[in-house]
Amino acid sequence: MQHKDPLLTVQGVTLQYKTPHHLITATYRVSFDVMQGDRFILLGPSGCGKSTLQKAVGGYITPTEGEMRLKGRRITQPGPDRMMVFQEFDQLLPWKTVKQNVTFALQASGRMNKREAEEKAMEYVVKVGLESFADSHPHMLSGGMKQRVAIARGMAMEPDILLMDEPFAALDALTRRRMQDELLKLWDETRFTVLFVTHSIAEAIKIGNRILLLSPHPGRVKAELNSTTDPARATELEQYIHQMLFAHEPEEAEHV
Amino acid sequence: MSEAVAQLRSIRPEPDEPRPEIFHDEIDGDDLSVVEQRLSLFEILYREAWLRKLLILIALAVIWEIYGRSLNNDLLFPTFSATMAAFFRAVMDGSLPAAAWSSGKVLLMGYGLGIALAATLTALAMASRIGTDFLETMTSMFNPLPAIALLPLALIWFGLGNASLIFVLVHSVTWAIALNTHSGFLNVSQTMKMVGRNYGLRGPRFIAKILIPAAFPSILTGLKIGWAFAWRTLIAAELVFGVSSGSGGLGWLIFENKNMLDIPKVFAGLLTVIIIGLVVENLIFRTIERLTIERWGVQH
């Protein structure tokens, strides 16, 4: 049992949003705690509201029920203490170079002056291995490089928690694996806290230390598990999670 | 189910003998005869678009000159050389620059006012739904109405003078710019807006630092269309009543010289209209495009 206070508490959160014809409940009374230094995964099939839940932590959606607190402060609006890394490549500002993208984040949030921001930005650009592309505009970069910039930007802000919404889902399989390794290496260096959304069980086990399983329509917590680094245990855990998520579904759906 | 599997098998039979796996050594590039070779001078020159276009212009000028000489009637169709002579004479005696300046002044005033009005309308449209409806209704009503059609009314309201010209110009500029800017703002991706709010940007800073740069391609398109409308409208309006606006602009210069049957000077006036249009569209706007949206890789 851990005795320190959790960094992020999510208490009985119900999220609803409206489409032109329906009111949709994305998640229903979801609760979990994220500790300092956690690599906390939200895992579930599509429609389980995991992205919506993360956007709510980001402050973009207000819960209809329950509340979320970061370091004891209630989350009401977006802010630089929770940096988002999105799946989409257009999250970088195309009119700024790689370095400017990171610098601008630091300056716009009013954290530091231009010179400090530039130094810090460069430090993190080097950290993700893009120093030779510091002065390139985003459209010259590959998908993997763009995601690296987004991660550098998120980390440079030194937020309380980094929110990553399927950041590697749009990458090819080889790049995705390399990015996962790099993310873990970065975590080893700085021990940031990250809330990571994915629909890949293997990715969840590899990246996370704690996994929240959500069931779909609407999203409800099914289980909260510890991950493992032992390969044999990982295979076992993968099968176990797979069963938990898809046991009630017919055979054919498994291999989709 | 098992039938389908059997079918699959027959399409992809197991090989009887495993095929050998092949590994290659890296091939040396030394045997390659050409790695880098300079292109011939002709090829280098032919690749330059401006040079090819210059060739076309020269060819047209030659055809013009030959046709003009064979027609031998300066009143109907002066030769290229006569036009150029009239052009340089008019530049030297100052009548052409003065006319161009007088047109340009009015144009810039109308253009500037149009931009300001478009910015206000777009801001209102972004701020509230009723503002959006207002802008959409106004644009769909006035955008198809050629500005020059308002000239008779403008003459009654503002009299023979620059005020009427500017009124017509503002009308021709505003709707195109407002329409494009507004649609540009609406098309800014959700992700980019979320990124901006993530930085803690709100209100005017959010608009200035995220929305305007993100919508810049559309804004620039609006500015270009607005400019083209304004320039054409201005020349047309001056042709009708340039006499009123003091010294008179380019349109008036063309009209006046036609009345005096100085046709080479009419051609010189037309040439100036073309040159100014070309310079603004191809030099100024092209340069802005190259420095912004092309460098950002966001042109559509």
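Cut-offs applied
Residues numbered from 1 in each chain as written. Chains lettered and ligands numbered in written order. Predicted model: local features only at pLDDT ≥ 70, side-chain atom pairs only at ≥ 80, totals over all residues. Helix = DSSP H or I, 4+ residues; strand = E, 2+ residues; numbered from the N terminus. Buried ≥ 20, exposed ≤ 12 C-beta atoms within 10 Å, placed from the backbone. Contact = placed C-beta atoms within 7 Å. Nonpolar A, V, L, I, M, F, W, Y, C, P; charged D, E, K, R; others polar. Pairing = 2+ DSSP bridges. Axes fitted to C-alpha atoms, helices over the stretch in contact; angles between N-to-C directions. Parallel < 35°, antiparallel > 145°, perpendicular 65-115°, else oblique. Left-handed = near helix turned anticlockwise from the far one by under 90°. pLDDT = per-residue confidence, 0-100.

Looking now at the overall build of chain B. Across its full length, chain B holds 13 helices and zero strands. The linear arrangement of helices and strands in chain B, starting from the amino end, is α-α-α-α-α-α-α-α-α-α-α-α-α. Counting all 300 residues of chain B, 30% fall into the buried class. Summarising the internal contacts of chain B: among those between residues at least 6 apart in sequence, 70% fall at separations of at least 24.

With 16 residues of chain B in contact, the opposing surface of chain A contributes 17 residues. Among the secondary structure elements, those contributing two or more residues to the side of chain B that touches chain A are α9 (190–198), α10 (203–214) and α13 (263–296) of chain B. The residue inventory of the side of chain B that touches chain A, partitioned by class, reads eight nonpolar, five polar and three charged.

Residue and element names in this part refer to chain A. Along strand β6 (residues 82–85), one buried face is formed by Arg 82 and Met 84 and the opposite face, lined by Met 83 and Val 85, is buried too. With four bridges connecting them, β6 and strand β7 (residues 161–165) associate as parallel partners. Residue pairing across strands places Arg 82 opposite Ile 161, the latter belonging to β7.

This next bit is on the environment of A:Trp95. Within the secondary structure, A:Trp95 is located in the loop between β6 and α2 (98–108). Sequence separation between A:Trp95 and A:His137 is 42 residues, and the spatial gap between their C-alpha atoms is 7.1 Å.

For any two helices packed against each other, one specifies the crossing angle of their axes together with the interaxial distance. All names here are of chain A. Contact geometry of α2 with helix α4 (residues 143–156) gives a least axis separation of 9 Å together with a crossing angle of 30°. As judged from the angle between their axes, α2 and α4 are roughly parallel. The two elements α2 and α4 meet at a crossing, and its hand is right-handed. For the pair α2 and α4, contact is made by Val 98, Asn 101, Val 102, Ala 105 and Leu 106 and by Val 149, Ala 152, Arg 153 and Ala 156, respectively.

On to the confidence of the model for chain B, then. When pLDDT is averaged across chain B, the result is 86; 90% of the residues are at 70 or more. ipTM for the predicted complex: 0.86, alongside a pTM of 0.80.

Here chain A shows a mean pLDDT of 86. Residues at 70 or above account for 95%. Across residues 252–256 of chain A the pLDDT falls below 50, and counting only partners more than four positions away or on other chains, this stretch makes two contacts in the model.

A few words on the environment of B:Leu60. All names here are of chain B. You can see Leu 60 is positioned in helix α3 (residues 49–71). Among the residues examined, Leu 60 registers 11 C-beta atoms within 10 Å and is labelled exposed. Separated by 20 residues in sequence, Leu 60 and Phe 80 place their C-alpha atoms 9.8 Å apart.

Attention now moves to the pairing of strand β2 (residues 23–34) of chain A. All names here are of chain A. As paired strands, strand β1 (residues 8–18) and β2 are joined by eight bridges and run antiparallel to one another. Residue pairing across strands places Lys 18 opposite Leu 23, the latter belonging to β2. Adjacent in sequence and paired antiparallel, β1 and β2 are bridged by four residues.

Moving on, we come to the sheet that holds strand β10 (residues 220–226) of chain A. Residue and element names in this part refer to chain A. The mixed open sheet is built from six strands, whose spatial order is β6-β7-β8-β3-β9-β10. Two strands in the sheet have a free side with no partner beyond their single neighbour: β6 and β10. Shown here is a sheet whose adjacent strand axes are inclined to one another by a mean of 20°, direction ignored. Taken together, the four bridges between strand β3 (residues 39–43) and strand β9 (residues 210–215) define a ladder with parallel strand orientation. Of the residues in β9, the one forming a bridge with Leu 43 is Leu 213.

What follows concerns unusual backbone geometry. The omega angle of the peptide bond from A:His217 to A:Pro218 is -15°, so this bond is cis rather than trans. Counting through the fold element by element, A:Pro218 comes out in the loop between β9 and β10.

This part takes up the sheet that holds strand β4 (residues 65–70) of chain A. Residue and element names in this part refer to chain A. A sheet is described by the order of its strands in space; here four strands give the open sequence β2-β1-β4-β5, paired in antiparallel fashion. Both outer strands of the open sheet, β2 and β5 (73–74), are each paired with one neighbouring strand and no more. As judged from the five bridges shared by β1 and β4, these two strands associate in the antiparallel manner. Across the sheet, the residue bridging to Thr 14 is Glu 65, located in β4.

Residue and element names in this part refer to chain A. At a minimum axis distance of 8 Å, the contact between α2 and helix α3 (residues 114–127) shows a crossing angle of 130°. With respect to their mutual orientation, α2 and α3 come out oblique. Our pair here, α2 against α3, has a crossing hand that is right-handed. Taken together, the residues of α3 that come into contact with α2 (itself represented by Val 98, Lys 99, Val 102, Thr 103, Leu 106 and Gln 107) are Lys 114, Ala 117, Glu 118, Lys 120, Ala 121, Met 122, Tyr 124 and Val 125. Looking at the contact of α2 with α3 residue by residue, the classes come out as eight nonpolar, two polar and four charged.

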